[in-house]
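These are the residues of each chain, in order.
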Amino acid sequence: MKDLKCGLKECRYNKGYCCCSKSINVSNRTDCMTYSPDETKRRTEFEAASDFIPANYSVDTAVACSAKCIYNDNGKCGASGITVMSRDPGDASCLTFVKE
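Keep in mind that what you see is a predicted model, and the values were worked out from it rather than measured.

J.: How would you summarise the nonpolar core if you had to cite specific residues and measurements?
T.: Judged by nonpolar contacts, the single largest core of 20 residues is most densely connected at Leu-4, Leu-8, Ile-24, Val-63, Ile-82 and Val-84. Secondary-structure elements contributing two or more residues to this core are β1 (4–6), β4 (23–26), β5 (62–65) and β8 (82–85). Once residues within four sequence positions are removed from consideration, Leu-4 is found in contact with Tyr-17, Cys-18, Cys-19, Ile-24, Thr-61, Val-63, Ile-82 and Val-84.

Encoded structure:
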């Protein structure tokens, strides 16, 4: 999936709000289990510094999913794109989730 938006600026795989991991795993509770905070991104002097990183749409990320979602196709996400954001501090959730 090339349209994988990530709003978690401090994640090590986030490059210009795009996920650059080769694969991610979404749990049955819709949590992105691949989320991994990068301490160097957390310590930037300017809050908007990561906003200036160019988007990287070249990575074709495989999305494994165990949530009971209409896009779950035998353990793989069948959506054309997903968005991962934080609902609570330290949380990484798939916002594209639609209960089946």
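J.: Provide a residue-level description of the side chain of Ser-93, including the pertinent values.
T.: The residue Ser-93 is located in strand β9 (residues 93–94) in this model. For Ser-93, a relative accessible area of 2% gives the class buried. Separated by 3.0 Å, the side chains of Ser-93 and Asp-91 make a polar contact. Those residues in contact with Ser-93 that lie beyond four places of it in its chain are Thr-30, Asp-31, Cys-32, Thr-83, Val-84, Met-85 and Arg-87.

J.: Summarise the pattern of salt bridges; cite the residues concerned and give the values.
T.: Under the counting rule described, the total for this entry stands at two salt bridges. The partner of Lys-5 in a salt bridge is Asp-3, and the shortest N-O contact between them spans 2.6 Å. Lys-5 sits in the partly exposed class, given a relative accessible area of 29%. Residue class for Asp-3 comes out partly exposed when judged on its relative accessible area of 34%.

J.: Residue-level account of unusual backbone geometry, with values.
T.: Of note, Thr-30 is a non-glycine position whose phi angle comes to about 70 degrees, a positive value. A relative accessible area of 6% places Thr-30 in the buried class. Despite not being glycine, Asn-74 has its phi angle at roughly 55 degrees, a positive value. The residue Asn-74 is located in the loop between β6 (72–73) and β7 (76–77) in this model. According to the relative accessible area criterion, Asn-74 is exposed, its value standing at 76%.

J.: Go over the pairing of β4, please, and point to the residues and values.
T.: The alternating pattern of β4 places Ile-24 and Val-26 on a buried face, while none of Ser-23 and Asn-25, on the opposite face, is buried. Where β4 meets β5, four bridges bridge the pair, whose relative direction is parallel. In the strand pairing of β5, Ser-23 is matched with Ala-62.

J.: Now, about the side chain of Ser-36: what can you tell me, with residues and values included?
T.: In this structure, Ser-36 sits in the loop between β4 and α1 (39–42). Within the local environment of Ser-36, its side chain forms a polar contact with the side chain of Arg-12, the two groups lying 2.7 Å apart.

Cut-offs used in this document
- Residues numbered from 1 in each chain as written.
- Predicted model: local features only at pLDDT ≥ 70, side-chain atom pairs only at ≥ 80, totals over all residues.
- Heavy atoms only, no water.
- Core = buried A, V, L, I, M, F, W, Y, C linked by side-chain atoms within 4.5 Å.
- Buried < 20%, exposed > 50% of the residue type's maximum accessible area, 1.4 Å probe, protein only.
- Helix = DSSP H or I, 4+ residues; strand = E, 2+ residues; numbered from the N terminus.
- Contact = heavy atoms within 4.5 Å.
- Polar contact = N/O pair within 3.5 Å; in protein donor to acceptor, adjacent residues only side chain to side chain.
- Salt bridge = Lys/Arg side-chain N within 4 Å of Asp/Glu carboxyl O.
- Pairing = 2+ DSSP bridges.

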